[in-house]
Amino acid sequence: MIYMARVKASRHIIYSALIASVFVAISIIFSCHNEKDNVNTSSQPIAKLPSVKIPANTWRAPDSNTIPKGKTGQLIRYGKELLTHTSIYFGPNGTIAKISNGMNCQNCHLDGGSRLFGNNYASFIAGYPKMNNRSGKIEHPADRIVQCFNRSLAGIAPDTNGREVTAMLAYMKWIGQGVKKGQQLFGAASEKLAYLDRAADTANGRAVFISKCQVCHGANGQGLLAADKKAYTYPPLWGNHSYNDGAGMYRIGNFAGFVKNNMPFGATYQNAQLTDAEAWDVAAFVNSQLRPHKDQHRDWPDIKTKPIDFPFGPYADGFSEQQHKYGPFKPIKDARKTPTNKKS
């Protein structure tokens, strides 16, 4: 009996010790948790966003909840779906046609064409019809979609009279509602950065790419293909499945303005993560890599209208292809102001 009583007492002591240990552990956990929650963060460094004044004429995309109901709304939503998930419908494994490189329109027109300085569609519909100096013709919105498929998507355009192109245009019209032709809007399309006083440096650009870009786009710029193999989570920046050398992004001025306000992931025009110089240099590096070629011998029938950063001759100003591709661009700009003083 005495032995049994001692055993019970020992068990009681052990149980009590275990319970006490548990309470101590819980107390420590809560204490650490509370200490973490109660840290005086006033002494911690706080990243400050650049002070950016938002002008009154800043463009804002309409709320998707305002898309009308019925057939019109269905067409608008279908257009948005096609633009954001183009590869699902028109990529190498597309459900409608296999006529593009696997990228989505949204890869260059961010957030379905709704992001400020993200190549948005704010003024797209309002800007047409217009003279396109590249083709030398008066063009309509559907013509621009054809060019995007032929160049940025390195493929073949769908029927411009078909439901898909009609839906894309319906969405673009909805998102640019209320915008007038020629209206100046802050944040429309993409920013044009000031020219550097030097040529863009591909070696510096490579360093920027390695430190800021390759984590998403891959060490070889091949992008990250989604698990379903139908689209890219992060698009390829060069190679067979990227935009060809006839695309607007192949002009480093366009690329630099785009990446400055949107890359790396998480950057915005209010909180840029690259300097202007870094943006120019990484644009030069990316566009120095191999990609599909497009025959452009019919482009720019009036060579005097070629953009300063268009990288293929002939030119009316006498500067080299190298300088037209990488800069410095200011001498070309200055020479164009005084046509009689052409570079020999």
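Residues numbered from 1 in each chain as written. Predicted model: local features only at pLDDT ≥ 70, side-chain atom pairs only at ≥ 80, totals over all residues. Heavy atoms only, no water.

Participant: In this structure, what is going on with the packing of aromatic side chains? I would like to understand it.
Facilitator: Inspection of the entire model under this criterion finds 17 aromatic pairs. Plain terms: the ring middles of Phe90 and Phe149 are 5.5 Å apart, the flat faces sit at 85° to each other, and that makes the pair edge-to-face. Of this pair, Phe90 sits in helix 3 (residues 86–90) while Phe149 sits in helix 5 (residues 141–150); the two residues are 59 residues apart in sequence, bridging distant segments of the chain. Here Phe90 falls in the buried class, since its relative accessible area comes to 2%. By relative accessible area, which is 1% here, Phe149 ends up buried. Each ring, one from Trp280 and one from Phe329, has its centre 5.7 Å from the other, and the planes form 40°; the classification is tilted. Taken together, the residues Trp280 in helix 9 (residues 276–286) and Phe329 in the loop between helix 10 (321–326) and helix 11 (330–337) connect sequence positions 49 residues apart. A cation over an aromatic ring shows up here: Arg291 above the ring of Tyr243, its NZ or CZ 4.1 Å from the ring centre. (Phe/Tyr/Trp six-rings, centres within 6.5 Å; stacked < 30°, edge-to-face > 60°. Helix = DSSP H or I, 4+ residues; strand = E, 2+ residues; numbered from the N terminus. Buried < 20%, exposed > 50% of the residue type's maximum accessible area, 1.4 Å probe, protein only. Lys NZ or Arg CZ within 6 Å of the ring centre and 35° of its normal.)

Participant: In this structure, what is going on with the side chain of Ser87? I would like to understand it.
Facilitator: Tracing the backbone shows Ser87 in helix 3. Residue classification places Ser87 among the buried residues on the basis of a relative accessible area of 0%. A polar side-chain atom of Ser87 sits 3.3 Å from the main-chain carbonyl oxygen of Gly102. (Polar contact = N/O pair within 3.5 Å; in protein donor to acceptor, adjacent residues only side chain to side chain.)

Participant: Which parts of the structure should I look at to understand the layout of surface pockets?
Facilitator: The rolling of a water-molecule-sized probe over the atoms marks out the regions of remaining empty space. In this structure, the second largest pocket occupies an estimated 660 Å³ of space. Lining the second largest pocket are 35 residues, with Asn107, Leu110, His217, Pro235 and Met263 sitting closest to its centre. Going through the elements one at a time, helix 4 (110–113), helix 7 (202–217), strand 4 (232–234), helix 8 (252–262) and helix 9 are the ones with two or more residues in the lining of the second largest pocket. (1 Å grid on protein atoms, 1.4 Å probe; cavity = no way out; pocket = protein on both sides within 12 Å on 5 of 7 lines; lining within 4 Å. Points joined across faces, edges and corners; volume = space filled by probe spheres on them.)

Participant: Is there a simple way to explain helix 8 in this structure?
Facilitator: At 3.6 residues per turn, the α-helix brings residues three or four places apart onto the same side. Here helix 8 lies mainly inside the structure; eleven of its eleven residues are buried. Tucked inside the fold, the buried residues of helix 8 contact helix 4, helix 9 and helix 10. (Contact = heavy atoms within 4.5 Å.)

Participant: Honestly, the confidence of the model for the protein chain in this entry has me stumped. Any pointers?
Facilitator: Any region with low pLDDT has predicted coordinates that should not be read closely. On average, residues of the protein chain carry a pLDDT of 87, and 83% of them reach 70 or more. Under a pLDDT of 50 for its full length, residues 1–49 has, in the predicted model, one contact with residues more than four places off or in other chains. (pLDDT = per-residue confidence, 0-100.)

Participant: Looking at this structure, I do not really get helix 2 (residues 70–84). What am I missing?
Facilitator: Between its first and last C-alpha atoms helix 2 spans 21 Å; for 15 residues at 1.5 Å apiece the expected length is 21 Å, and the two agree. Considering only its buried residues, helix 2 is in contact with helix 3, helix 4 and helix 6 (163–175). (Expected span 1.5 Å × (residues − 1).)

Participant: I'm lost on the packing of helix 7 against helix 9 in this one. Help?
Facilitator: Packed helices, taken two at a time, are described by the angle between their axes plus the distance between the axes. With their axes 7 Å apart at the nearest point, helix 7 and helix 9 run at an angle of 95° to one another. The angle between helix 7 and helix 9 places the two elements in the roughly perpendicular class. For the pair formed by helix 7 and helix 9, the contact residues are Thr202, Asn204, Gly205, Arg206, Val208, Phe209 and Cys213 on the first element and Glu278, Asp281, Val282, Ala284, Phe285 and Val286 on the second. Of the residues that constitute the contact of helix 7 with helix 9, the class distribution is seven nonpolar, three polar and three charged. (Axes fitted to C-alpha atoms, helices over the stretch in contact; angles between N-to-C directions. Parallel < 35°, antiparallel > 145°, perpendicular 65-115°, else oblique. Nonpolar A, V, L, I, M, F, W, Y, C, P; charged D, E, K, R; others polar.)

Participant: What's the story with empty space enclosed by the protein in this structure? I'm lost.
Facilitator: Counted under the stated rule, the structure contains one cavity of 30 Å³ or more. A volume near 40 Å³ is recorded for the largest cavity. Taken together, Arg134, Arg144, Gln147, Cys148, Arg151, Ser152, Ala247 and Gly248 form the lining of the largest cavity. Looking at the lining of the largest cavity, its residues break down into two nonpolar, three polar and three charged.

Participant: How should I be thinking about the state of the cysteines in this particular structure?
Facilitator: Linking two cysteines covalently via their sulfur atoms produces the bond known as a disulfide. All chains considered together, the criterion is met by zero disulfides. Free of any disulfide, Cys148 has its nearest neighbouring cysteine sulfur in Cys105, separated by 6.5 Å. Not engaged in a disulfide, the cysteine Cys213 finds its nearest cysteine sulfur in Cys216; these two sulfurs lie 8.6 Å apart. Assessed through its relative accessible area of 13%, Cys213 is described here as buried. (Disulfide = S-S within 2.5 Å.)

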